[in-house]
Amino acid sequence: MTTHLQGSLFDQTDRPRLGPLTGIRRTVLGSGAWIDVLPGWLTGSAPLCERLAAEVPWRAERRTMYDHVVDVPRLLAFYGADDPLPHPVLTEARDALGAHYGPELGEPFATAGLCLYRDGRDSVAWHGDRGGRGAREDTMVAILSVGTPRDLLLRPVGGGGTVRRPLGHGDLIVMGGSCQRTWEHCVPKSGRASGPRVSVQFRTRGVR
Ligand SMILES: O=C(O)CCC(=O)C(=O)O
């Protein structure tokens, strides 16, 4: 049984629940960048995704491209360090990540950015999280994905092979080291994905 099939079966349980972080596996990407991946960290992802999609105060993202301001095809919400998160399991996730990565990261995860990909037509283009300190300093961005899996692609800035990770059903990925400066990532449109996916990105203070 593939990890993702297992993930989708455990996905339906009512109460979202986090597992231990002990099974997380690191892949060194190069140029000081790495990713840690833990499939199915959270069980009960499907009802959590439904609840977040329905209850979070989503807003459309607009971005200037050339001379035009255009809609980015996905919805967003941002929770600052002092804002209560929209579900207790997200607070639990942020704190568990902070405890696990604290010694290496040197500071806690503080903020949560949420993105709703309503269906396979929603996407985000190639970018690094280089707002604020992310432009100059190594950091970590931890992403918990619930709902229908979508591919997250990573490639080195300036060209090179692409790494593809399908993420949904409670999967965790942590992008670390220089990843936001020396690599970029995107979620391309998908003809296959039909259901919604919510991505929850935990970042340190001053990184966007
Ligand atoms: O959907 C994702 O997991 C990636 C989100 C992302 O790259 C971003 O919002 O910066």
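Here the structure is a predicted model, which means the values were calculated and not measured.

Calculation notes
- Residues numbered from 1 in each chain as written.
- Predicted model: local features only at pLDDT ≥ 70, side-chain atom pairs only at ≥ 80, totals over all residues.
- Heavy atoms only, no water.
- Helix = DSSP H or I, 4+ residues; strand = E, 2+ residues; numbered from the N terminus.
- Rg over C-alpha atoms; globule rule 2.2 N^0.38 Å.
- Buried < 20%, exposed > 50% of the residue type's maximum accessible area, 1.4 Å probe, protein only.
- Contact = heavy atoms within 4.5 Å.
- Areas by Shrake-Rupley, 256 points an atom, 1.4 Å probe, with all protein chains shown as cover.
- Lys, Arg positive; Asp, Glu negative; His and termini not counted.
- Charge placed at Lys NZ, Arg CZ, Asp CG, Glu CD.
- Bend = angle between axes of the 7 residues up to and from the residue.
- Phe/Tyr/Trp six-rings, centres within 6.5 Å; stacked < 30°, edge-to-face > 60°.
- Near = heavy atom within 4 Å.
- Polar contact = N/O pair within 3.5 Å; in protein donor to acceptor, adjacent residues only side chain to side chain.
- Pairing = 2+ DSSP bridges.
- Axes fitted to C-alpha atoms, helices over the stretch in contact; angles between N-to-C directions.

**Topic: the overall build of the protein**
Regarding its fold elements, the protein presents 4 helices and 14 strands. Its C-alpha radius of gyration of 16 Å places the protein within 12% of the 17 Å reference for a compact globule of 208 residues. The 208 residues of the protein split such that 50% are buried. Long-range pairs, those at least 24 residues apart, make up 79% of the contacts in the protein with a sequence separation of at least 6. Total accessible area computed for the protein in this model is approximately 10,000 Å², and 53% of it derives from carbon and sulfur atoms. A gap of 3 Å separates the mean positions of the 26 positive and 22 negative side-chain charges of the protein.

**Digging into helix α3 (residues 88-105)**
At Ala 99, α3 shows its strongest bend, of approximately 40°, with the proline Pro 103 following within four residues. Downstream of α3 by a residue or two, Gly 106 has a phi angle that is positive, lying close to 80°.

**Some words on the packing of aromatic side chains**
The tally for this structure, following the rule as stated, stands at 2 aromatic pairs. Ring geometry for Trp 34 against Tyr 101: centres 6.5 Å apart, planes inclined by 20°, an arrangement best described as stacked. Here Trp 34 is found in strand β3 (residues 33-38), whereas its partner Tyr 101 is found in helix α3, with 67 residues between them in sequence. Across this residue pair, the class does not change: Trp 34 and Tyr 101 are buried.

**Let's talk about the site of the ligand**
In the vicinity of the ligand there are 13 residues, among which Tyr 117, His 127, His 185, Arg 197 and Ser 199 approach most closely. Contact between the ligand and Asp 129: an oxygen atom at 3.2 Å from a side-chain N or O atom of the residue. Contact distances for the ligand include 2.7 Å between an oxygen atom and a side-chain N or O atom of Arg 197. For the ligand, the accessible surface in isolation is 290 Å², of which the surrounding protein chains cover 96%. Taken together, the elements giving at least two residues each to the shell around the ligand come down to β7 (111-117), β13 (183-187) and β14 (197-203). In terms of residues, the shell around the ligand owes the most to one element, β14, which gives 4 residues.

**A short note on the environment of Asp 151**
Tracing the sequence through the fold places Asp 151 in strand β10 (residues 150-156). Counting along the chain gives 15 residues from Asp 151 to Pro 166, while the straight-line C-alpha distance between them is 4.1 Å. When neighbours within four sequence positions are excluded, Asp 151 is seen to be in contact with Arg 164, Arg 165, Pro 166, Cys 186, Val 187, Pro 188 and Arg 192.

**Some details on the sheet that holds β10**
Through backbone hydrogen bonds, the strands of a sheet pair up, either in parallel or in antiparallel fashion. Within the open sheet, the 4 strands sit side by side as β8-β13-β10-β11. Their pairing is antiparallel. A strand with exactly one partner marks an edge of an open sheet, and here the two such strands are β8 (124-127) and β11 (163-167). Along the sheet, successive strands turn relative to each other by an average axial angle of 15°, direction set aside.

**Details of the side chain of Asp 129**
With respect to the element layout, Asp 129 can be found in the loop between β8 and β9 (141-147). Among the polar contacts made by the side chain of Asp 129, one reaches the side chain of His 127 at a distance of 3.3 Å. A polar atom in the side chain of Asp 129 sits 2.9 Å from the side chain of Arg 203. In this view, Asp 129 contacts Gly 134, Val 141, Gln 180, His 185, Arg 203, Val 207 and Arg 208; residues no more than four positions away in its chain are not counted.

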